[in-house]
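So the chains spell out like this:
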Amino acid sequence: MIEVSHLSKRYGTHLAVDDASFSIQKGEVVGFLGPNGAGKSTIMNILTGYLSFTTGSVQIDGFDIVENPEQAKRRIGYLPELPPLYLDMTVKEYLSFVYDLRKVKLPRKPHIEEICRLVKIENVYDRLIKNLSKGYRQRVGIAQALIGNPDVLILDEPTVGLDPKQIIEIRSLISRLGKNHTVILSSHILSEVQAVCERVIVINRGVIIADDTPDNLSKNLSNDHSLVARVIGPVREVTRLLATIKGVERVTCLGKKEEGSNDYLIEPDRETDVRRPIFERLSDRKWPLIMLRTNELTLEQIFLRLTDAADNGEQLFKQAAKTETPKSSLSEAEKQMVAELASGAPTVFDAAASDADSLDDASADPEDPESETIAQKEVDD
Ligand code: ADP
Ligand code: MG
């Protein structure tokens, strides 16, 4: 449906899109994921024919966007970052105006009414757009993109600026639209693409650094066998005990996730299955283990890992199958993120970075992350 080949876009000396190639099949729901300034809007503006490009080619349903712009554009509905709404029109007037603009052949009234039903704006049909909430305006923006029944919908940051309830509504609308359309949406919010998209194209500084399903991204990058344990017991002692288990290289207290217990990220070496000893040792001390699970990468972690690798000149994703990944399973950025994600004060300890003295400080505050530093190295001694 969409074929993009070696696409580059230069703004003056700045290369905003750098040799991007991808194809999107009919019916796919694809997310462009990347931080602000990554080039998502630039690519979308190019796909929709609003922006010229420097090199490469773009085909929509076999029509070249440069040679056959009308044919190509007819197949696309676009919701730009700033929806082109006329605030002094009613929803009805505006959609009718867009209908005329696009020279749509379908019967006007039923077509517009059907779209309003689909995006659930029938109840504001006669209201002025300027009097609508941001959530409703966004839906009017999506309605506008649906006029003429295009096969492809391109939605640039469709939930930006919406409140959580509106976000959920727009996401479920996008999922519904995805049943009958090819959808491309962009987001810098990772949970968003995870919630809606079956495929993610990760863009960083104009370069596509990954293109896969959220699941596969996670699998390819997850080089560790880390576990997360939820334990009822004193943080320092539990941490110390877990770190003494043979094969455990690092233990990080992730803080309190459930009243009366703490979560611990346990990083074992590749060879050892530490699950059984974790259970047995905790059980010996009568510290209940109330949950034990593998630590699957979240999209946040995947993203940090990919962009970190890309910034270091590596191509982590494309070489993931071949490359021996480093043993230390969390990057600095990820560690920081683990720390941020943890509800309480997190405790990260690393064999190399830890400070043994703090362990012997009996007056150390158990809630103070600095006091929890521990590592296999010291415990072995
Ligand atoms: P995103 O949508 O991912 O946030 P954009 O596509 O808007 O990113 O921008 C990509 C890069 O191109 C950014 O560095 C941005 O500053 C630059 N850029 C975007 N539009 C222009 C423009 N009209 N002139 C010059 N630079 C631009
Ligand atoms: Mg943008």
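Residues numbered from 1 in each chain as written. Chains lettered and ligands numbered in written order. Predicted model: local features only at pLDDT ≥ 70, side-chain atom pairs only at ≥ 80, totals over all residues.

Remarks on the sheet that holds strand 6 (residues 76–79)
No. 1: As summarised here, the arrangement of the six strands in space is 6-7-8-3-9-10, forming an open sheet in which the pairing is mixed. Of all strands in the sheet, those bounded by a partner on one side alone are strand 6 and strand 10 (207–212). Strand-to-strand twist across the sheet, computed as the mean angle between neighbouring axes with direction ignored, equals 15°.
No. 2: Taken together, the four bridges between strand 6 and strand 7 (residues 152–156) define a ladder with parallel strand orientation. Across the sheet, Ile76 pairs through a bridge with Val152, a residue of strand 7. (Pairing = 2+ DSSP bridges. Helix = DSSP H or I, 4+ residues; strand = E, 2+ residues; numbered from the N terminus. Axes fitted to C-alpha atoms, helices over the stretch in contact; angles between N-to-C directions.)

Description of the confidence of the model for the protein
No. 1: With 78% of its residues at a pLDDT of 70 or more, the protein shows a mean pLDDT of 81.
No. 2: The low-confidence segment residues 316–381, where pLDDT is below 50, has 109 contacts with residues more than four positions distant or belonging to other chains. (pLDDT = per-residue confidence, 0-100. Contact = placed C-beta atoms within 7 Å.)

Concerning the sheet that holds strand 5 (residues 63–64)
Sheet strands line up and pair through hydrogen bonds in the backbone, either parallel or antiparallel.
No. 1: Taken in spatial order, the four strands make up an open sheet running 2-1-4-5, and their pairing is antiparallel. A single partner strand is all that each edge strand has here, and the edge strands are strand 2 (14–24) and strand 5.
No. 2: Relative to strand 4 (residues 55–60), strand 1 (residues 2–11) is paired through five bridges, and the arrangement is antiparallel. Note on strand 4: the bridge partner recorded for Glu3 is Gln59.

Side note on the site of ligand 1
No. 1: As a matter of local geometry, ligand 1 sits amid Tyr11, His14, Ala16, Gly34, Asn36, Gly37, Ala38, Gly39, Lys40, Ser41 and Thr42.
No. 2: Where the shell around ligand 1 is concerned, the elements lending two or more residues are strand 2 and helix 1 (40–47).
No. 3: Tallied by class, residues from the shell around ligand 1 come to three nonpolar, seven polar and one charged. (Near = placed C-beta within 6 Å. Nonpolar A, V, L, I, M, F, W, Y, C, P; charged D, E, K, R; others polar.)

Topic: the pairing of strand 10
Successive residues of a regular strand alternate their side chains across the two faces of the sheet.
No. 1: Alignment of strand 9 (residues 199–204) against strand 10, held across five bridges, turns out to be antiparallel. Across the sheet, the residue bridging to Asn204 is Val207, located in strand 10.
No. 2: Where strand 9 hands over to strand 10, the hairpin turn is made up of two residues, of which Arg205 adopts a positive phi near 50°.

Quick word on unusual backbone geometry
No. 1: Residue His6 is not a glycine yet carries a positive backbone phi of 45°.
No. 2: By the secondary structure assignment, His6 is in strand 1.
No. 3: Judged by local crowding, His6 falls into the exposed class, with 11 C-beta atoms found within 10 Å.
No. 4: A positive phi is found at Lys103, a non-glycine position, where the angle reads about 55°.
No. 5: Since 9 C-beta atoms lie within 10 Å of it, Lys103 is described here as exposed. (Buried ≥ 20, exposed ≤ 12 C-beta atoms within 10 Å, placed from the backbone.)

Notes on the packing of helix 3 (residues 91–101) against helix 5 (residues 134–146)
No. 1: Where helix 3 contacts helix 5, the axes come no closer than 9 Å and their chain directions differ by 30°. The orientation of helix 3 relative to helix 5 falls into the category roughly parallel. In the crossing of helix 3 with helix 5, the sense of the turn from one axis to the other is right-handed. Along its contact with helix 3, which presents Val91, Tyr94, Leu95 and Val98, the element helix 5 presents Val140, Ala143 and Gln144.
No. 2: In terms of residue class, the contact of helix 3 with helix 5 is made up of six nonpolar, one polar and no charged. (Parallel < 35°, antiparallel > 145°, perpendicular 65-115°, else oblique. Left-handed = near helix turned anticlockwise from the far one by under 90°.)

Description of the nonpolar core
Looking at soluble globular proteins, one finds that nonpolar side chains tend to be buried together.
No. 1: In terms of nonpolar packing, the biggest core is built from 70 residues, with Leu33, Ile121, Ala143, Ile154, Val183, Ile201 and Val202 touching the most fellow members.
No. 2: Looking at this core, the element that brings in the most residues is helix 5, giving six residues.
No. 3: Two domains share this core, each providing at least three of its residues, namely domain 1 (2–218) and domain 2 (221–380).
No. 4: Not counting residues within four places of it along the chain, the set of residues in contact with Ile154 comprises Met44, Leu47, Thr48, Ile76, Tyr78 and Ile184.
No. 5: With 19 residues, the next largest nonpolar core counts Val238, Ile245, Ile278 and Leu282 among its residues. (Core = buried A, V, L, I, M, F, W, Y, C linked by C-beta atoms within 7 Å. Domains from an automatic or database assignment.)

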